[in-house]
Amino acid sequence: MDNFFDSVFATSMNVWGTFASIGAALVVGLLVAWLCSFRLRTGRGVFITAALMPAIIASVFILMEYYLSTSLSTTARLLTLAVALGLIRFRSTNGKAEEMLFLFLSVMIGIAFGLGFLAYGVIIGLGLALIYIGLTYLPIFKHRRFAQEKLLKIVIPESLDYSDIFDATFSHFTSEAELVGVKTTNMGSMYRLSYRLVLKDAKEEKEMIDELRTKNGNLEISLLPYVEEKGTL
């Protein structure tokens, strides 16, 4: 079998050792991302990226280490690897975690093809792409506890004391309510409040919003899935 891979890959690389290392990185990445997903509040894409990234990085290092180990010093190999991974820096704007994953995957495929490891590039690239598609359909990174949390954004006039104005409403419709952000808007004449809520009954969303409208003067209200407000990767 190794002779077959030697002819296809044009290399004497340990085929099974290579795929075993990449597979181990994939399994550990999936396990770590799944465990962290129980405590971290963020999008599913971040967890999928964290799960697949170790396998992609392992692929890059294995391919380049094998190709460069016979001709360059240790320092030169490290510099070459740094330059290859540094290609990701051309991404100048913030984007989703999946975008970073796809960029790393594209760099890995380009490195594999550029070094002559054509079959490795095809197998690893398409394999990880199919695994990504499969993970997007699985609910393993979407936990019920976090799915019940909602982000309420409500605008109130500056004259309204928001410290306890909504307490009665929250006590009736929610099991948890936490003020997580306050921001002025409309030249300082209004406040936009952000609350993390856990509703007692999802069917009572409209009833709760209607009651809130009577207290904030029918200004803007939005109820969204809860994700901590912060910059993207």
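Described below are features of the structure shown in this document. (Residues numbered from 1 in each chain as written. Predicted model: local features only at pLDDT ≥ 70, side-chain atom pairs only at ≥ 80, totals over all residues. Heavy atoms only, no water.)

## Quick notes on the packing of aromatic side chains
For clarity, the cut-off: Classification of ring pairs uses Phe, Tyr and Trp, with its six-membered ring standing for Trp, and accepts pairs whose centres are within 6.5 Å; under 30 degrees between planes counts as stacked, over 60 as edge-to-face, and the remaining range as tilted. Runs of H or I in DSSP of at least four residues are treated as helices and runs of E of at least two as strands, each being numbered from the N terminus. Exposed residues in this analysis have more than 50% of their type's maximum accessible area, buried residues have under 20%, and partly exposed residues fall in between, with area computed by a 1.4 Å probe over protein chains only.
Under the defined criterion, the tally for this structure stands at eight aromatic pairs. The interplanar angle of 80 degrees and the centroid separation of 5.2 Å between the aromatic rings of Phe102 and Tyr132 together place this pair among those described as edge-to-face. Pair noted here: Phe102 is in helix 5 (residues 97-114) and Tyr132 is in helix 6 (residues 118-137), with a separation of 30 residues, a long-range link. Here Phe102 falls in the partly exposed class, since its relative accessible area comes to 37%. Taken together through their ring pairs, the aromatic side chains of Phe19, Phe117 and Tyr120 make up a single cluster.

## A few points about the sheet that holds strand 1 (residues 149-157)
This is how the line gets drawn: A pair of strands is treated as paired once DSSP finds two or more bridges between them. To get an axis, fit a line to the C-alpha atoms, keeping to the stretch in contact for a helix; angles then go from 0 to 180 degrees between the N-to-C directions. We call two residues contacting when some pair of their heavy atoms lies within 4.5 Å.
Pairing is antiparallel in the open sheet, where four strands are placed in the order 2-3-1-4. The open sheet has two free edges, formed respectively by strand 2 (174-185) and strand 4 (221-225), since each of these has just one partner strand. Strand-to-strand twist across the sheet, computed as the mean angle between neighbouring axes with direction ignored, equals 20 degrees. Bridge count between strand 1 and strand 4: five bridges; the pairing is antiparallel. Each residue of the ladder has a partner; that of Leu152, found in strand 4, is Leu223. Of the strands in this sheet, strand 1, strand 2, strand 3 (190-199) and strand 4 are in contact with helix 9 (residues 205-215), which crosses strand 4 at around 145 degrees.

## Notes on the packing of helix 5 against helix 6
The cut-off we apply is this: The cut-offs work like this: below 35 degrees is roughly parallel, past 145 is roughly antiparallel, 65 to 115 is roughly perpendicular, and the gaps in between are oblique. Crossings are classed by handedness, with left-handed meaning an anticlockwise turn of the near helix from the far one by less than a right angle and right-handed meaning a clockwise turn. Polarity classes work like this: nonpolar for Ala, Val, Leu, Ile, Met, Phe, Trp, Tyr, Cys and Pro, charged for Asp, Glu, Lys and Arg, and polar for all others, with Gly in that last group.
Contact geometry for helix 5 and helix 6: axes closest at 7 Å, N-to-C directions at 165 degrees. For the element pair helix 5 / helix 6, the angle class is roughly antiparallel. The interaxial crossing formed by helix 5 with helix 6 has left-handed handedness. Taken together, the residues of helix 6 that come into contact with helix 5 (itself represented by Glu98, Leu101, Phe102, Leu105, Met108, Ile109, Ala112 and Phe113) are Leu118, Gly121, Val122, Ile124, Gly125, Leu128 and Tyr132. Residue classes in the contact of helix 5 with helix 6 are distributed as 12 nonpolar, two polar and one charged.

## Examining the pairing of strand 3
Of all 10 residues that make up strand 3, seven are buried, and the element is covered over most of its length. Across nine bridges, the pairing between strand 1 and strand 3 is antiparallel. Directly across from Val155, in strand 3, lies its bridge partner Arg192. Across 10 bridges, strand 2 lies against strand 3 in antiparallel orientation. Bridge assignment links Leu179 to a residue of strand 3, and that residue is Tyr195.

Such coordinate-based values are descriptive only and should not be taken to indicate function.
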